[in-house]
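This is what each chain is made of:
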Amino acid sequence: MTDHIVPVKTYLLVFLALLVGTALTTGMAFVDLGPFNGIVALTIAMIKAVLVVLFFMHVKYSSKMTRATIVSAAVFLLILLTLSMTDYVTRPWSGTYGAGRAQSGNEK
Amino acid sequence: MSDSTSAIHVLKHHFADLDQQRETSTFGMWLFLVTEIMFFGGMFCAYLVYRVLYFNSFGAASTTLSIQLGTTNTAVLICSSLTMAMAVHAAATGHRKAIILFLVLTLLLGGVFIGIKGVEYYDKFQERHVPGPNFNFVLEGAEAKHFQHVDPHAAEIYFSLYFCMTGLHALHMLIGFGLITWLIIAATRGKFTPEYYSPVELVGLYWHFVDIVWIFLFPLLYLISRHP
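Please read these numbers as outputs of a predicted model, since none were measured by experiment.

Colleague: Any chance you could explain the overall build of chain A here in plain terms?
Modeller: A tally of regular secondary structure across chain A gives four helices and zero strands. In chain A, the succession of α and β elements from N to C terminus is α-α-α-α. Taken over 108 residues, chain A has a buried fraction of 19%. Here the analysis covers contacts within chain A between residues at least 6 apart in sequence; of these, 41% occur between residues at least 24 apart.

Printed below as a string of structure tokens:
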């Protein structure tokens with residue numbers, strides 16, 4: 001049997017790391033880091049998600065085909081998010097984003 | 001192990017051996033999860049677009065969520081992911097009673113999550129923060145000073161996304177409850193052996209995926225624009 005059985009100790013360590021990550025992200029939310037608050041929160045979320053995928057979902061021990069499928073899904077999701085955001089974030093820069101939007105653009 | 005009698009019993013005729021059968025089912029489940037990633041990805045994209053557009057109002061609306069309940073729920077869901085992982089481990093090592101115990105624990109923790117989510121939804125109904133004709137969003141006290149020029153319509157968009165995303169997440173959990181109940185019944189009947197426990201493994205993947213969605217929903221919905 002090539003099926004890898006993950007030791008219980010690994011599960012417990014990942015579990016502890018996830019709880020620490022949750023405490024950390026909640027704590028950091030109350031520290032004013034300016035624009036970096038969002039970056040810190042999403043970085044911690046990414047690390048937690050990768051831990052779950054690698055160990056709880058056994059991807060660390062799975063075949064190359066399964067891994068390639070997951071990585072390609074992540075890449076396509078990033079394409080969706082980055083291309084959409086490059087559009088929406090840069091629209092106000094051109095100044096042709098519509099008079100109605102100008103107000104909400106200055107909202108912050 | 002592929003030549004033992006129990007292994008022959010669980011091997012479907014169109015697979016060469018148990019390894020190939022297991023690999024195929026795991027791969028198939030991941031393909032389904034990939035469609036789920038893109039499905040939730042669309043919602044996250046909509047959220048990001050409106051968050052950038054109505055930055056301040058989204059921050060203001062976000063602070064009305066209970067951070068205590070949100071953090072507790074995150075911890076509860078992580079605990080349920082651990083018990084699910086332990087159920088898969090018990091199945092792989094052939095401990096039938098442990099499979100049932102860990103699956104029941106997972107179900108209970110999932111129930112706690114949905115219960116807390118229900119309390120949060122009830123509070124939102126009480127505060128008239130549910131999008132619709134009765135929607136009303138007025139900040140009071142220190143929050144009103146901190147967030148200026150809040151647009152109630154933008155706050156309504158925030159709560160629309162909040163209810164869509166957490167609602168779809170909760171729906172996935174309810175489907176998970178059905179799947180876990182099915183596993184508990186099958187485990188009681190002794191359907192799972194170390195040679196064949198794919199259903200436990202695959203429902204495990206599904207459950208962990210639902211956990212990952214929450215890992216991203218929590219900071220985006222609860223933690224933006226918190227301040228001392």
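The structure having been displayed, the exposition proceeds.
Colleague: Got a minute to help me understand the overall build of chain B in this structure?
Modeller: The number of helices and strands found in chain B is eight helices and zero strands. Taken from N to C terminus, the helices and strands of chain B fall in the order α-α-α-α-α-α-α-α. Across its three principal directions, the C-alpha atoms of chain B cover 70 × 30 × 30 Å. Pairs at least 24 residues apart make up 79% of the contacts formed inside chain B by residues separated by at least 6 positions.

Colleague: How should the domain arrangement of chain A be read in this particular structure?
Modeller: Accessible area lost on assembly of the parts is the figure often given for the size of an interface. Domain assignment breaks chain A into domain 1 (1-62) and domain 2 (63-93). Between the C-alpha centres of domain 1 of chain A and domain 2 of chain A the distance comes to 20 Å.

Colleague: Teacher, can you tell me more about the packing of helix H2 (residues 18-53) of chain B against helix H8 (residues 198-223) of chain B here?
Modeller: Residue and element names in this part refer to chain B. Following both chains from N to C, one finds H2 and H8 inclined at 20°, their axes separated by 10 Å at the closest point. When the axis of H2 is compared with that of H8, the two are roughly parallel. With respect to the hand of their crossing, H2 and H8 are arranged in right-handed fashion. Taken together, the residues of H8 that come into contact with H2 (itself represented by Arg-22, Ser-25, Thr-26, Met-29, Leu-33, Glu-36, Phe-40, Phe-44 and Tyr-47) are Ser-198, Glu-201, Leu-202, Leu-205, Phe-209, Val-213, Phe-216 and Leu-220. Considering only residue class, the contact of H2 with H8 consists of eleven nonpolar, three polar and three charged.

Colleague: Any chance you could explain the interface of chain A and chain B here in plain terms?
Modeller: Of the residues lining the interface, 43 residues belong to chain A; the matching set on chain B comes to 47 residues. Counting residues per element, the ones that place at least two in the side of chain A that touches chain B are helix H1 (8-29), helix H2 (36-56) and helix H3 (64-90) of chain A. Across the side of chain A that touches chain B, the residue classes break down as 27 nonpolar, eleven polar and five charged.

Colleague: Explain H8 of chain B to me, please; I cannot follow it from the model alone.
Modeller: Residues three or four positions apart in an α-helix share a direction because the helix packs 3.6 residues into each turn. All names here are of chain B. Relative to the 38 Å expected for 26 residues at 1.5 Å per residue, H8 spans 37 Å between its end C-alpha atoms, a close match to the ideal helical length. Where H8 bends most, at Leu-217, the angle is about 30°, and the proline Pro-219 comes one to four residues later. Among the 26 residues of H8, 23 are classified as buried, and the element is accordingly described as predominantly covered. Just past H8, the residue Ser-225 takes up positive phi, approximately 60°.

Colleague: Mind showing me how you'd approach the environment of Phe-40 of chain B here?
Modeller: Residues and elements named next belong to chain B. Following the sequence through the fold, Phe-40 ends up in helix H2. Looking at Phe-40, the number of C-beta atoms within 10 Å reads 21, which means it is buried. Put simply, Phe-40 and Ile-116 are 76 residues apart on the chain and 22 Å apart in space, counted from C-alpha to C-alpha.

Colleague: How do you make sense of the environment of Lys-60 of chain A when you look at a structure like this?
Modeller: Residues and elements named next belong to chain A. Along the polypeptide, Lys-60 turns up in the loop between H2 and H3. Sequence separation between Lys-60 and Leu-19 is 41 residues, and the spatial gap between their C-alpha atoms is 21 Å. Setting aside anything within four residues of it in sequence, one finds Lys-60 in contact with Leu-54 and Phe-55.

Colleague: Looking at this model, I keep getting lost on the confidence of the model for chain B. Mind explaining?
Modeller: Predicted coordinates in regions of low pLDDT should not be interpreted in detail. The predicted model of chain B has a mean per-residue pLDDT of 93, with 96% of residues at 70 or higher. If you check the scores for this complex, the pTM reads 0.92 and the ipTM reads 0.91.

Colleague: Looking at this structure, I do not really get helix H3 (residues 55-62) of chain B. What am I missing?
Modeller: All names here are of chain B. Counting buried residues along H3, six of its eight residues qualify, which places the element largely inside the surrounding structure. Here H3 has its buried residues at Ser-57, Phe-58, Gly-59, Ala-60, Ala-61 and Ser-62. In the core, the buried residues of H3 are packed alongside H2, helix H6 (141-146), helix H7 (152-188) and H8.

Colleague: Mind showing me how you'd approach the nonpolar core here?
Modeller: One recurring pattern in soluble globular proteins: nonpolar side chains tend to sit buried together. Counting 73 residues, the largest nonpolar core has Ala-87, Ala-91, Ile-99, Ala-155, Tyr-158 and Val-200 of chain B as its most contacted members. For this core, the elements supplying multiple residues, two or more each, are H1 and H2 of chain A together with H2, H3, helix H4 (67-92), helix H5 (96-126), H7 and H8 of chain B. Filtering out sequence-adjacent residues up to four positions away, Val-200 of chain B remains in contact with Ala-87, Val-88, Ala-91, Ile-99, Leu-183 and Phe-192 of chain B.

Colleague: Can you help me understand the packing of H1 of chain A against H4 of chain B in this one?
Modeller: Look at H1 of chain A against H4 of chain B: their axes get within 10 Å of each other, and the N-to-C directions meet at 170°. On the basis of their axis angle, the class for H1 of chain A and H4 of chain B is roughly antiparallel. Each of Val-8, Tyr-11, Phe-15, Leu-18, Leu-19, Thr-22 and Thr-26 of chain A in H1 of chain A lies in contact with H4 of chain B, whose residues at this interface are Ile-67, Thr-71, Thr-74, Ala-75, Ile-78, Leu-82, Ala-85, Met-86 and His-89 of chain B. Of the residues in the contact of H1 of chain A with H4 of chain B, the class split is eleven nonpolar, five polar and no charged.

About the criteria used
Residues numbered from 1 in each chain as written. Chains lettered and ligands numbered in written order. Predicted model: local features only at pLDDT ≥ 70, side-chain atom pairs only at ≥ 80, totals over all residues. Helix = DSSP H or I, 4+ residues; strand = E, 2+ residues; numbered from the N terminus. Buried ≥ 20, exposed ≤ 12 C-beta atoms within 10 Å, placed from the backbone. Contact = placed C-beta atoms within 7 Å. Domains from an automatic or database assignment. Axes fitted to C-alpha atoms, helices over the stretch in contact; angles between N-to-C directions. Parallel < 35°, antiparallel > 145°, perpendicular 65-115°, else oblique. Left-handed = near helix turned anticlockwise from the far one by under 90°. Nonpolar A, V, L, I, M, F, W, Y, C, P; charged D, E, K, R; others polar. Expected span 1.5 Å × (residues − 1). Bend = angle between axes of the 7 residues up to and from the residue. pLDDT = per-residue confidence, 0-100. Core = buried A, V, L, I, M, F, W, Y, C linked by C-beta atoms within 7 Å.

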